[in-house]
Amino acid sequence: MNYVSTRGRAPVLGFEDVLLTGLASDGGLYVPESWPQFSAAELTACAGRSYAEVAVKIIAPFVGDAVPAATLGALAADAYRGFAHPATAPLVQIDDNDWLLELFHGPTLAFKDFALQLLGRLFDHVLSKRGERVTVVGATSGDTGSAAIAAFKDRANLEIFILHPKDRVSEVQRRQMTTVAAANVHNIAIEGSFDDCQALVKAMFNDAQFRAALNLSAVNSINWARVMAQVVYYVTAAVALGGPARPVAFAVPTGNFGDAYAGYVASRCGLPVARLVVATNRNDILARLFHFGRYLPGEVVATMSPSMDIQVASNFERLLFELCRRDGAAVEARLSLLAKDGQFDLTAQQLAEVRGMFDSARIDEDETLAEIGRVFERCGRLIDPHSAIGSAAARKRRGAKTVPMIALATAHAAKFPDAVVRATGLRPELPASFQGLMDEREHYAVLARDLGAVQTYIRDRAGRSDHGHN
Ligand SMILES: *Cc1c(COP(=O)(O)O)cnc(C)c1O
């Protein structure tokens, strides 16, 4: 499979290079040159298979011949072995035909483990094969960082630097990153928002000299391989509820639009998806976009669902590319309007096309608490605020009762205990394997929102564990 940039000016690359590169050299994002198609028979054959088996089936056409089939099978089996639930991504019924897809049984208790556990192993495989080293740099609103660190710690061929917005991630999220004592792991708290962290990472990638000198690599949700890995659970959930014969709907707690876009990819590859409900918190750039057709970033406000406190939904560029009929120049024209005027509009036709697949709902703080309380009363489950936003949006935009509605539960309640206590009076317990987390020593630097300072910090430390480690 070959990959093209959404801005049309970067070289066409194969899977290995797209995996290691992240962002395209023209500032765009890589997408497959064409969409592989899964037939109804192939999808039906996924029913009853293990999660790792389905993963291999779905991922194989995207990977092409970059990883031999047997190796891919072994990597996938290994990636999902560490999940605490035998179904890996279990479905739980919470109402008549309403379901929660629990995506938080991985090693850091959020859905990002699904992609990053696989990515860590793919990186290892490709880097050892090529005899290369990379410097992984990423921004996190909380969950990407911990999931990336869990997947990349102690890997021999790379150094990993994770920027998080200081005091804007939960204590559990921060500790999951900062208590990892591996020599190749470097945490940086930035005095700013998640969007500031993301802008710094983008600027480092756009600095060609810095990027080449350190062999930079991105594992943010702009990395295509993450999207690819997330397509899998849309398939397992749909076939478990009667797909592909019966279309299903999903409600997706959304920030950077990586997860919801993976649902779109599943549909482009042949999975019957009735509707994708994009659920946002008060940072509602996408809910406004899908309503009014205008992409207009606002000020980020801090909420109980910090992993969705984003006003620059990077992965939307991938959908825009499709809406522009895969014309990179048209994508660039929109983005230069954004840079110049701070906004751009979809055409009436593009908006109609978006609405053919996507719906959206904005859930405020009170509604989030009410939903945590409601789900607890109704079925005795404690859900986290991100999952509650998905679940509340699913109810607001329910549509036909005959279509199963699957709300993605993206984090474990114990990752965001304060909101759960406020809503229910009950404190969700961390699973036993996390009990030591709150006592372990933390390691991180605090830096200003300053590109030069961050680059110096990284330059000074990249490659250091070559010498210092064991
Ligand atoms: C990252 C994250 C989201 C948002 O996912 P996107 O792919 O960025 O839209 C939602 N919930 C949780 C718990 C997350 O960690």
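Now for a description of the structure that goes with this document. (Residues numbered from 1 in each chain as written. Predicted model: local features only at pLDDT ≥ 70, side-chain atom pairs only at ≥ 80, totals over all residues. Heavy atoms only, no water.)

### Structural notes on the sheet that holds strand β1 (residues 2–5)
As a reminder, the rule being used: Criterion used throughout: strands pair if DSSP finds at least two bridges between them. Here a strand is any run of E in DSSP of at least two residues, a helix any run of H or I of at least four, and the numbering for each starts at the N terminus.
Taken in spatial order, the three strands make up an open sheet running β2-β1-β3, and their pairing is antiparallel. The open sheet has two edge strands with one neighbour each: β2 (13–14) and β3 (30–32). Two elements, β1 and β2, share two bridges in a ladder whose sense is antiparallel. Counterpart to N2 in the pairing with β2 is G14.

### Section: the layout of surface pockets
The criterion, for reference: Using a 1 Å grid laid over the protein atoms alone, points where a 1.4 Å probe fits but cannot get out form a cavity; open sets with protein on both sides within 12 Å along at least 5 of 7 lines form a pocket; any residue with an atom within 4 Å of a point counts as lining. Grid points are joined across faces, edges and corners, and a volume is the space filled by probe spheres set on the points.
Looking at the largest pocket, its volume works out to about 620 Å³. Secondary structure elements with two or more residues in the lining of the largest pocket: α8 (194–206), α13 (316–323) and α14 (328–341). Ranked by residue count, the leading element in the lining of the largest pocket is α8, at five residues. As a volume, the second largest pocket reaches approximately 440 Å³. In terms of lining residues, the second largest pocket is bounded by 24 residues, among which S170, K415, F416, P417 and D418 are the most central.

### Considering the site of the ligand
This is how it is decided: We define proximity as follows: a residue is near a molecule or strand when any one of its heavy atoms falls within 4 Å of that partner. Definition of a polar contact: a pair of N or O atoms within 3.5 Å, with one able to donate and the other able to accept a hydrogen when the atoms are protein atoms, and with sequence-neighbouring residues admitted only if both atoms are side-chain atoms. For this classification, the nonpolar set comprises Ala, Val, Leu, Ile, Met, Phe, Trp, Tyr, Cys and Pro, the charged set comprises Asp, Glu, Lys and Arg, and every other residue, Gly included, is treated as polar.
The ligand sits among 15 residues. The nearest are K112, D143, G255, N256 and T410. Residue G255 places a main-chain N or O atom 2.8 Å away from an oxygen atom belonging to the ligand. D259 has a polar backbone atom sitting 2.9 Å from an oxygen atom of the ligand. Class assignment for the residues of the shell around the ligand results in five nonpolar, seven polar and three charged.

### With respect to the environment of M405
Counted only if it meets this: Each residue gets one of three labels from its accessible area relative to the maximum for its type: buried under 20%, exposed over 50%, partly exposed in between, using a 1.4 Å probe on protein chains only.
For M405, the position within the fold is in strand β15 (residues 405–409). A residue is classified by how much of its surface remains accessible, and M405, at 1% relative accessible area, is buried. For the pair M405 and G28, spaced 377 residues apart in the sequence, the C-alpha separation amounts to 33 Å.

### A look at the pattern of salt bridges
Operational definition: In the sections that follow, a salt bridge refers to a side-chain nitrogen of Lys or Arg positioned within 4 Å of a carboxyl oxygen of Asp or Glu.
In total, this model carries 33 salt bridges according to the counting rule given. Two residues, E353 and R325, come together in a salt bridge whose shortest N-O distance is 2.9 Å. Here E353, found in helix α15 (residues 348–357), pairs with R325, found in the loop between α13 and α14; they are 28 residues apart in sequence, far enough to count as distant. Given a relative accessible area of 54%, R325 falls into the exposed group. As a salt-bridge pair, D341 and K340 come within 3.4 Å of each other at their nearest N and O atoms. When salt bridges that share partners are traced, they join E16, D17, K129, R130 and E132 into one network.

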